[in-house]
Amino acid sequence: MNKPLILIVEDDSAVKNLIATALETQDYRYVTAANGVQAVLEAATKCPDILLLDLGLPDMDGVEVIRKVRSWSEMPIIVISARSEDTDKIDALDAGADDYLTKPFSVEELLARLRVTQRRLKYIRAAAAQEAVFVNGDLTVDYAAGCARLRGQELHLTPIEYKLLCLLSRNVGKVLTHTYLTREIWGSAFDSDIASLRVFMTTLRKKIQPRPKDAQFIQTHVGVGYRMVRL
Ligand code: CA
């Protein structure tokens, strides 16, 4: 079986060469990009299995790259950055990064993270293959058909309500922050977006939980976000 294809996004050629050499020792295949625009292009055209991403890029913040890639792909993203502040880490994770490595890092540490990510990759693919249809109690989300049903009846959802429902169901059991949700939906996270999010969440809840005795699919985490619970 082929080793995964890794996309290395790094503008510092010394670090890029260090990573490339480490990957070669393990027979990984790789492609490289030296800026954000090229990174997004390579991610879309080469379909790498794993993205190794430097956050400080010359043309855009690495977090922007994560957000763009996440709009179409669940490929694991490991952020590599010199920044050690917690906020950068949260921003990157919030945008959809899977793991985080702080410079300077050892080659052994990098390879260990890649092995962990490879195992997760198998899990992600199995989950994607098995869950073309998501079922939770009376609620069904048919990702392939692009529709949702409650007790067998198709729900009339607006595009934003449907996207919200997909985000919540694909991350069932996980708290999704307001910032994560608004960025996924509108590409931004202003206070006005969070206010809009509340409105759409209210209308979505009325549709998937129309009766007072219906199961509560969506939990509110005040000041943090929302979570779909597995019933
Ligand atoms: Ca850099």
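Residues numbered from 1 in each chain as written. Predicted model: local features only at pLDDT ≥ 70, side-chain atom pairs only at ≥ 80, totals over all residues. Heavy atoms only, no water.

K.L.:
Hey, could you go over the domain arrangement of the protein chain for me, with residue numbers and the actual values?
P.N.:
Domain parsing of the protein chain yields domain 1 (5-123) and domain 2 (132-228). Between the C-alpha centres of domain 1 and domain 2 there is a distance of 29 Å. If you look at the interface, domain 1 gives six residues, while domain 2 gives six residues. On the domain 1 side of the interface with domain 2, the three residues burying the most area are Arg-67, Arg-70 and Asp-94, jointly 74% of the side's total. Between the two partners, domain 1 and domain 2, sit zero salt bridges. At the surface where domain 1 touches domain 2, the tally comes to one residue pair in polar contact (both at pLDDT 80 or more). Elements that contribute at least two residues to the side of domain 1 that touches domain 2 include exactly α3 (62-70) and α4 (86-94). A per-element tally of the side of domain 1 that touches domain 2 places α3 first, with three residues. Its residues assigned to classes, the side of domain 1 that touches domain 2 shows two nonpolar, no polar and four charged. (Domains from an automatic or database assignment. Contact = heavy atoms within 4.5 Å. Buried area = accessible area lost by both parts, 1.4 Å probe. Salt bridge = Lys/Arg side-chain N within 4 Å of Asp/Glu carboxyl O. Polar contact = N/O pair within 3.5 Å; in protein donor to acceptor, adjacent residues only side chain to side chain. Helix = DSSP H or I, 4+ residues; strand = E, 2+ residues; numbered from the N terminus. Nonpolar A, V, L, I, M, F, W, Y, C, P; charged D, E, K, R; others polar.)

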